[in-house]
Amino acid sequence: RIQPARTRLRRGKPRSDFTRHEDIERRLEWQLQAERILSDLAGRLATARDLKKSFATSLQKIRNFLQCDRVWMNVSSDPSETGRLTMAVRRSDLPGGEGTLDRKAVGWLFTRVSRGRAIHCRDISRLPAAAAAERIACQAMGTRAFYVEPLLIRGQYRGVLSLCQADKPRAWSREERGFVHT
């Protein structure tokens, strides 16, 4: 005689043990992939002869892994400089590329990120009124959602790593934000 799988109520919906195990397996596989990418990134940067090419390859892996439309990295050797966009990796059908980051154009964002605070924006239409310039810049680039993580070296701001979604609003999961923070 076959007995039905036990169920648990989760958010008002019954879930079988089998479904729960599938969720756990998916999370573990995600964590394993994240660790592989971080290990590969560390190895590439430690042995890089061409740092720009190493960044480009690593950022492409991050973009593919997180399934986002763009990954931007902006790094400055001097925190008082404007900063040069070191690398931008995007879907081939999206506009964008290398350029410079004007702090004045993104003052609301820069003020927060330079203090070490990550910014998670699910939909640019939800940005506060004080971030009107950021909303306009995002619209011009075709960005609907973004996550910006500050790059800190010895506690000092040195740049940002940004993930962008172009086609729809997106909530970045705690796991994704933790991965980028690492």
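The model shown is predicted, which means the values in this text are computed figures rather than measured ones.

Draft legend 1. Local environment of the packing of aromatic side chains. Inspection of every chain in the model, using the stated rule, returns four aromatic pairs. Where tryptophan 30 meets phenylalanine 65, the ring centres are 4.9 Å apart and the plane angle is 35 degrees; that geometry is what we call tilted. With tryptophan 30 in helix α1 (residues 17-47) and phenylalanine 65 in helix α2 (residues 51-66), this residue pair connects regions lying 35 residues apart in the sequence. We classify tryptophan 30 as partly exposed; its relative accessible area is 22%. Note on phenylalanine 65: relative accessible area 13%, which makes it buried. Summarising the aromatic geometry, the rings of phenylalanine 65 and phenylalanine 179 are spaced 5.2 Å apart at their centres and angled 65 degrees between planes, so their arrangement reads as edge-to-face. You can see phenylalanine 65 sitting in helix α2 and its partner phenylalanine 179 sitting in helix α5 (residues 174-181), a full 114 residues away along the chain. An aromatic cluster is built from Trp30, Phe65 and Phe179, whose rings are joined through pairwise contacts.

Draft legend 2. Spatial organisation of the layout of surface pockets. Estimates place the volume of the second largest pocket at around 250 Å³. Forming the walls of the second largest pocket are 16 residues, and the residues nearest its centre are Leu41, Met73, Leu161, Val180 and Thr182. Of all the elements in the fold, those that place two or more residues in the lining of the second largest pocket are α1, α2, β6 (145-153) and α5. Ranked by residues supplied to the lining of the second largest pocket, first place goes to α2 with four residues. Its residues placed into classes, the lining of the second largest pocket shows twelve nonpolar, three polar and one charged.

Draft legend 3. Examining the state of the cysteines more closely. Summed over the entire model, instances satisfying the criterion amount to zero disulfides. The thiol of cysteine 138 is not disulfide-bonded; the next cysteine sulfur, from cysteine 121, is found 6.7 Å away. For cysteine 138, a relative accessible area of 8% translates into the label buried. Cysteine 164 takes part in no disulfide bond, and the closest cysteine sulfur to it belongs to cysteine 138, at a distance of 6.8 Å.

Draft legend 4. Structural detail: the pattern of salt bridges. For the structure shown, the criterion picks out three salt bridges. For aspartate 123, the salt bridge identified is with arginine 144, shortest N-O distance 3.9 Å. Of this pair, aspartate 123 sits in the loop between β5 (119-121) and α4 (132-141) while arginine 144 sits in the loop between α4 and β6, placing them 21 residues apart in sequence. Owing to a relative accessible area of 15%, aspartate 123 belongs among the buried residues under this scheme. The exposure class of arginine 144 is partly exposed, given its relative accessible area of 32%. Across the salt bridge formed by arginine 170 and glutamate 176, the nearest N and O atoms sit 2.6 Å from each other. Judged by relative accessible area, which is 13%, arginine 170 ranks as buried.

Draft legend 5. View of the side chain of glutamate 149. Structurally, glutamate 149 is set in strand β6. No salt bridge is formed by the buried glutamate 149, whose closest oppositely charged neighbour, arginine 177, lies at an N-O distance of 7.5 Å. Polar contacts involving the side chain of glutamate 149 include one to the side chain of histidine 181, which spans 2.7 Å. In contact with glutamate 149, other than residues within four places in its own chain, are Ala118, Gly159, Val160, Leu161, Arg177, Val180 and His181.

Quick notes on the rules
- Residues numbered from 1 in each chain as written.
- Predicted model: local features only at pLDDT ≥ 70, side-chain atom pairs only at ≥ 80, totals over all residues.
- Heavy atoms only, no water.
- Phe/Tyr/Trp six-rings, centres within 6.5 Å; stacked < 30°, edge-to-face > 60°.
- Helix = DSSP H or I, 4+ residues; strand = E, 2+ residues; numbered from the N terminus.
- Buried < 20%, exposed > 50% of the residue type's maximum accessible area, 1.4 Å probe, protein only.
- 1 Å grid on protein atoms, 1.4 Å probe; cavity = no way out; pocket = protein on both sides within 12 Å on 5 of 7 lines; lining within 4 Å.
- Points joined across faces, edges and corners; volume = space filled by probe spheres on them.
- Nonpolar A, V, L, I, M, F, W, Y, C, P; charged D, E, K, R; others polar.
- Disulfide = S-S within 2.5 Å.
- Salt bridge = Lys/Arg side-chain N within 4 Å of Asp/Glu carboxyl O.
- Lys, Arg positive; Asp, Glu negative; His and termini not counted.
- Polar contact = N/O pair within 3.5 Å; in protein donor to acceptor, adjacent residues only side chain to side chain.
- Contact = heavy atoms within 4.5 Å.

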